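Geometric and topological summary
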Amino acid sequence: MVQVPLPPKNAKRLNTVCQFCIVGCGYNVYRWPEGKDGGPAPSDNALGVDYRAQLDAFDDWIAPSMHSVVTDKDGSRHNIVIKPDNDCVVNKGLASVRGGGLAQTLYSPDRATRDRLQAPMLKGPRGHKAISWDEATDLGSRVIKAVIDHWGPDAVGMKFFDHGGGGGGFENNWAVGRFFFTGVGTRAASIHNRPAYNSEVHASGDAGVATLNNSYVDAQLADTIVVIGANPYETQTNYFLNHMALNLQGDTLDLKKSTFGDEPFESGRMIIIDPRRTMTVATAESAAGKDNVLHLQIEPGTDIAAINAISRIILDKRWYDVSFVNRSTERQTFEAYQRSSLDTDQSLDNMVRQSAELCGIPEADLYKAAQWIAKPKKGGLRRRALLHYEKGLIWGLKNYEGVASVINLALLSGNIGRPGTGASRLGGHQEGYIRPPYPGGRPALNVDEAVRRGEVKCFWVGGCNPVLTTMNAETMEQTMIERGRPVQEAIDETKDRPMGERVARIVEALKAGGMFLMTQDIYMTATAKQAHLVLPAAQWGESELTSINGERRLRLYDRFMDPPGEAIPDWEIMARYARRIRTLYLEDENPLMANRFLDFDWRKPEDVFIHARYEFKGNSSDPAEGYSGVTYDFLRERGTNGIQTPTRIVNGIISGTPRIHSDGKFSTSSGRARFIPASLPWPSYAGQVAEQRKKHRFWINNGRTNHIWQTFYHHQRVPFYNDHNPVPYIEMHAGDAQEMGVASGDLVEIFNDVGTVRALAYITDAVKPGHTFMLFGHPRGSVGDLISDHVDPKTTIPYYKGAWADIRRIGPKPDFAKDLSFLPQNVSE
Amino acid sequence: MIKTAKLNRRDFLEIGSAGVATIIAGNVLLPTSAQGATQGKDEAYPMVDVGPLSGLQVGAAVEFSYPDENSPAVMIHLGETAKGGIGPDNAIVAYSTLCTHKGCPVEYHPERKMLICPCHWSTFDVAKAGGVVIGQASQPLPQIKLRLKNGQIQAYGVDGLIYGRHTNIL
């Protein structure tokens, strides 16, 4: 019989925040030696709970998924329980399906996570072989120095994490930035999920609007929550359950009363702009009632048209916030916006009709959405709408214009800076970004192309897996193989030769078109397999780190176990290389270059945290993530509730910022926000995407789902998650499937002019005819193999959601799929 | 060992060694072993009569308690083969009705063949050993083991840990 061990009274209790999504739920960690369990009587366990009787709903149950046994470096074994924190205002004791299994992702020799990278490795003729840190550092440093000396800093390319949570955080991001920007000085940098070093929300920045400007409590206060290209029930779960759904259910009316007094209010409504009928639509309807949820089930890439039409209605109906627009926006941008994005030369009726046709939705829904967002309430009081957008829009048809359309709508309707409002991305990863400035310009250099063209001679990939996730992913892998080959020959030929000779031979190979590939990660990813040098990184829980969530809540994530083998935190890897390169330049009598790699003598994570803090001044010049005055001790005091950045120091007291722009000021030279005009209300499909769309029948939409975090890197090693989606699937409409003779579970092939991928068919009413949906980045079949290398020329952000392909049936449901569930994943009652 | 959602360990081994690798792509992992919880003492579960097989209609949902009166459960005649089922077409199964997310009572929706939690909307597949279809529960609904004896359906064990307990027999 299954049994979960209970933490004893003297179990060590630490705090952490989930390693996964932007919401950043608070968790308590209990750690105690194996064999020293507590008892079920309240006096015998660390939670003080009476486990002798059946617990009530919402009590402190420890699910089996919340426990595991870990082994420290000295061989000692410890129980770990990672349980949602009842006192964290973000999640109030709720776990998502991902957070509920955090304990399962820890390194353990007993489980599949045993295959963590444990030592630096060099690729040889028979695969990767462990080498010492000293050798790995020396080799990599000499190659990097040689590349800088021969070809200049831009020949050192990098693709690295830039986020918070697991595998990121302020410490690791700062160290990476210091190394590549202050040290190497390269422009050939790119961020984990994209080909360049760029913001995903340039348009918001250009408007002067902070990316994450609201507080989560605003979702409890809003009259209307607008969700664009996002699926929060599944992928920002406890923001949805513990904030949005409470509002939709009417459970926050008391809070509204105490906040708004006599202002009229009701239970919240929700508008969802998404081509799929997701579980978010279903659960929102269950919470609010169907009449209070408006789902705009649009055609691909037409979100911009829908949003601009809604804005146009608000403008023409005079529902816009005249006083906000006059007071807080730049007049000339408002005028340009009306003429261009809102097409005011055309009649309202025409503009809305055309948009509705493009979107494939009724005109009346656009009018209703405008009403819900901006029609003044009784007494002429402003409606409070909270606008959220994410990858559906960000990785949509045109990144810049998509984000601009939302920000413009928020400015027009005055839905920013007030309680119950905001215009923020919903977020994917957590944040926790501070780096010295990127030396390149805008649009940033497309590093994927620089790798293909041979300009990048040394490519360092950290905490990401482009072979799986970048666009045209197969070409990336092919390039790594082909350009890696001559370097591999050089490495193999110089085995046992002195390091200087080895590196000289590698440089010959680089001159002949080769590329030296370095990877640092926690597992042997598809990208790491191609790397010459593989470096083992520590993960979440193995080193202290700090990050912020989607409402800029800064917390300290405690260390509660050793990293496996010789793995070390990313910041320490960067510091090792910087110190070695500095020594090499000093030996070379090049103090100028040596000094670029100064100040990497950090001893502990907090040293890095404080080093990065010098970027902040504690006043209004700080960015939204500024954490002036904050120390680890300060954060430790505040547990899982932390403090919301930016922090200000007033009379020596550190205070947080729940909501940005509440003073009506924006981050532009004038202090007024700018509308960002587009040339047309809808940009239409661009070159190669338009071509692909003509050639192929199905739209291959793709994204994240409830159970699987990102590329499945942990979850494929935990049976519960792996078994949920052991192989890729593709959602298809029943009519399309029937016509092709495809049943749920059948094996199909999806193919286009970029590549092919196989998946199990999953017939559902979530998608419209002609639409499909696949998981992003499944390790056993990546949708990246179908995505063209088209990017928004203004931002170098790909149209990841924009692939078109054909589908053919390969065969019936394979044996291994017989126990998979094909019941609908979008019903809640 | 804890039951995994929809594939047992043996199935997974088979996938790992052949199926997925050749049919979909490379990069298949070696089999994983059980999740964290440890094996407790193999206490004897009680034998409880749930009801007679005769007269049990397709679509029926019979509420009962198991392994004690504080642990609500439901027996369902699904009308089609279900994993771990007994009786005609192996269509009769039973589950704990305490959601494995936060312990709210799940409700049976016969037209959907699902058990659905009204608190946070986790949904469970009645035919697939109570596996999570979607939602925030991080383990399947515990399945109550059933057997037939002299026309009586008897509960005799539980697969998986029941919500709100550190061990199923308190």
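Conventions we followed
Residues numbered from 1 in each chain as written. Chains lettered and ligands numbered in written order. Predicted model: local features only at pLDDT ≥ 70, side-chain atom pairs only at ≥ 80, totals over all residues. Helix = DSSP H or I, 4+ residues; strand = E, 2+ residues; numbered from the N terminus. Rg over C-alpha atoms; globule rule 2.2 N^0.38 Å. Buried ≥ 20, exposed ≤ 12 C-beta atoms within 10 Å, placed from the backbone. Contact = placed C-beta atoms within 7 Å. Domains from an automatic or database assignment. Pairing = 2+ DSSP bridges. Axes fitted to C-alpha atoms, helices over the stretch in contact; angles between N-to-C directions. Core = buried A, V, L, I, M, F, W, Y, C linked by C-beta atoms within 7 Å. Parallel < 35°, antiparallel > 145°, perpendicular 65-115°, else oblique. Left-handed = near helix turned anticlockwise from the far one by under 90°. Nonpolar A, V, L, I, M, F, W, Y, C, P; charged D, E, K, R; others polar. Expected span 1.5 Å × (residues − 1). pLDDT = per-residue confidence, 0-100.

1. Regarding the overall build of chain A
Within chain A, the secondary structure is distributed over 27 helices and 30 strands. Against the globule reference of 28 Å for 829 residues, chain A gives a C-alpha radius of gyration of 27 Å, in line with a compact fold. The C-alpha extent of chain A, read off along each of the three principal axes, is 80 × 70 × 70 Å. Counting over 829 residues, chain A shows a buried share of 63%.

2. Regarding the overall build of chain B
A tally of helices and strands in chain B yields 2 helices and 11 strands. For chain B, the N- to C-terminal ordering of α and β elements is α-α-β-β-β-β-β-β-β-β-β-β-β. Per-residue burial for chain B yields a buried fraction of 49% across its 170 residues. Put simply, of all contacts in chain B between residues at least 6 apart along the chain, 43% involve residues at least 24 apart.

3. A few points about the domain arrangement of chain A
Structurally, chain A comprises domain 1 (12–115), domain 2 (130–200 + 433–537 + 569–602), domain 3 (213–315 + 331–374 + 385–409), domain 4 (616–655) and domain 5 (687–817). Here the C-alpha centre of domain 4 of chain A lies 29 Å away from the C-alpha centre of domain 1 of chain A.

4. Re the sheet that holds strand β16 (residues 516–521) of chain A
All names here are of chain A. Spatial strand order, β7-β6-β17-β16-β15-β8-β9: 7 strands in an open sheet with mixed pairing. Each edge of the open sheet is held by one strand with a lone partner, namely β7 (127–130) and β9 (189–191). With strand direction ignored, the average angle separating the axes of adjacent strands in the sheet is 20°. Looking at chain direction, strand β8 (residues 156–160) and β9 are connected through 3 bridges and run parallel. Bridging across to β9, Phe-160 finds its partner in Ile-191.

5. A short note on the sheet that holds strand β20 (residues 643–644) of chain A
Sheet strands pair by backbone hydrogen bonding; their relative direction is either parallel or antiparallel. Residues and elements named next belong to chain A. Taken together, the 3 strands give an open sheet; going across it, the order is β18-β19-β20, and neighbouring strands pair in antiparallel fashion. The open sheet has two free edges, formed respectively by β18 (545–548) and β20, since each of these has just one partner strand. Where β18 and strand β19 (residues 553–557) come together, 4 bridges link them in antiparallel fashion. Among the inter-strand pairings, Ser-547 is bridged to a residue of β19, identified as Arg-555.

6. Points about the nonpolar core
For soluble globular proteins, the rule of thumb is that nonpolar side chains tend to be buried together. Among the nonpolar cores identified, the biggest contains 301 residues, and Ile310(A), Val406(A), Ile407(A) and Ala94(B) are the most heavily contacted of them. The residues touching Val406(A), leaving out its near neighbours within four places in the chain, are Ile228(A), Ile307(A), Leu387(A), Tyr389(A), Leu393(A) and Ala423(A).

7. Quick word on helix α6 (residues 237–248) of chain A
Residues and elements named next belong to chain A. The element α6 is largely enclosed, with a buried count of 12 among its 12 residues. Among the residues making up α6, those that are buried are Thr-237, Asn-238, Tyr-239, Phe-240, Leu-241, Asn-242, His-243, Met-244, Ala-245, Leu-246, Asn-247 and Leu-248. Residues of α6 that are buried in the fold lie against α4 (218–221), β10 (224–228), α5 (232–235), β11 (269–273) and α8 (279–288). Positive phi appears at Gly-250, one or two residues downstream of α6, with a value of about 85°.

8. A short note on unusual backbone geometry
Trans is the common state for peptide bonds, and a negative phi is the common state for residues other than glycine. All names here are of chain A. Along the chain, Arg-442 connects to Pro-443 via a cis peptide bond; the corresponding omega equals -5°. Mapped onto the fold, Pro-443 is located in the loop between β14 (422–425) and α16 (447–453). The peptide bond linking Thr-645 to Pro-646 adopts the cis configuration, its omega dihedral lying at -5°. For Pro-646, the location among the structural elements is in the loop between β20 and β21 (648–650). Positive phi, normally seen in glycine, also occurs at Phe-58, with a value near 70°. With respect to the helices and strands, the residue Phe-58 is situated in the loop between β3 (26–33) and β4 (67–71). Here Phe-58 falls in the partly exposed class, since 16 other C-beta atoms lie within 10 Å of it. In this structure, Arg-318 takes a positive phi of about 60° despite not being glycine. By the element assignment, Arg-318 lies in the loop between α9 (303–316) and α10 (322–328).

9. Notes on the packing of helix α18 (residues 473–493) of chain A against helix α19 (residues 499–511) of chain A
Residue and element names in this part refer to chain A. Running from amino to carboxyl end, α18 crosses α19 at an angle of 160°, the nearest separation of the two axes being 8 Å. By the angle between their axes, α18 is roughly antiparallel relative to α19. At the point where α18 passes α19, the crossing takes the right-handed sense. Note on element contacts: α19 touches α18 through Arg-505, Ile-506, Glu-508, Ala-509 and Leu-510, opposite Pro-486, Val-487, Glu-489, Ala-490, Ile-491 and Glu-493. Its residues placed into classes, the contact of α18 with α19 shows 7 nonpolar, no polar and 4 charged.

10. Regarding helix α21 (residues 570–587) of chain A
Residue and element names in this part refer to chain A. With 18 residues, α21 extends 26 Å from end C-alpha to end C-alpha; this agrees with the ideal 26 Å at 1.5 Å per step. Those residues of α21 that sit buried are Asp-570, Trp-571, Glu-572, Ile-573, Met-574, Ala-575, Tyr-577, Ala-578, Arg-580, Ile-581, Arg-582 and Tyr-585. Phi for Glu-589, located one or two positions after α21, is positive at around 55°.

11. Observations regarding the pairing of strand β23 (residues 698–703) of chain A
Residues and elements named next belong to chain A. Among the 6 residues that make up β23, 6 are buried, leaving the element largely enclosed by the rest of the structure. Of the two faces of β23, the one lined by Phe-698, Ile-700 and Asn-702 and the one lined by Trp-699, Asn-701 and Gly-703 are each fully buried. Judged from the 2 bridges that link them, β23 and strand β30 (residues 804–811) form a sheet pairing that is antiparallel. Residue Trp-699 lies in a different strand from β30, and its bridge partner there is Trp-804. Pairing of β23 with strand β27 (residues 771–775) involves 5 bridges; the strand directions are parallel. From the neighbouring strand, Ile-700 faces β27, where its bridge partner is Thr-772.

12. Side note on the confidence of the model for chain B
Residues and elements named next belong to chain B. With 75% of its residues at a pLDDT of 70 or more, chain B shows a mean pLDDT of 82. Contacts for the low-pLDDT stretch residues 1–23, under 50 throughout, to residues beyond four places or in other chains number 60 contacts. The low-confidence segment residues 25–41, where pLDDT is below 50, has 56 contacts with residues more than four positions distant or belonging to other chains. Per the prediction output, this complex has pTM 0.95; the corresponding ipTM is 0.96.

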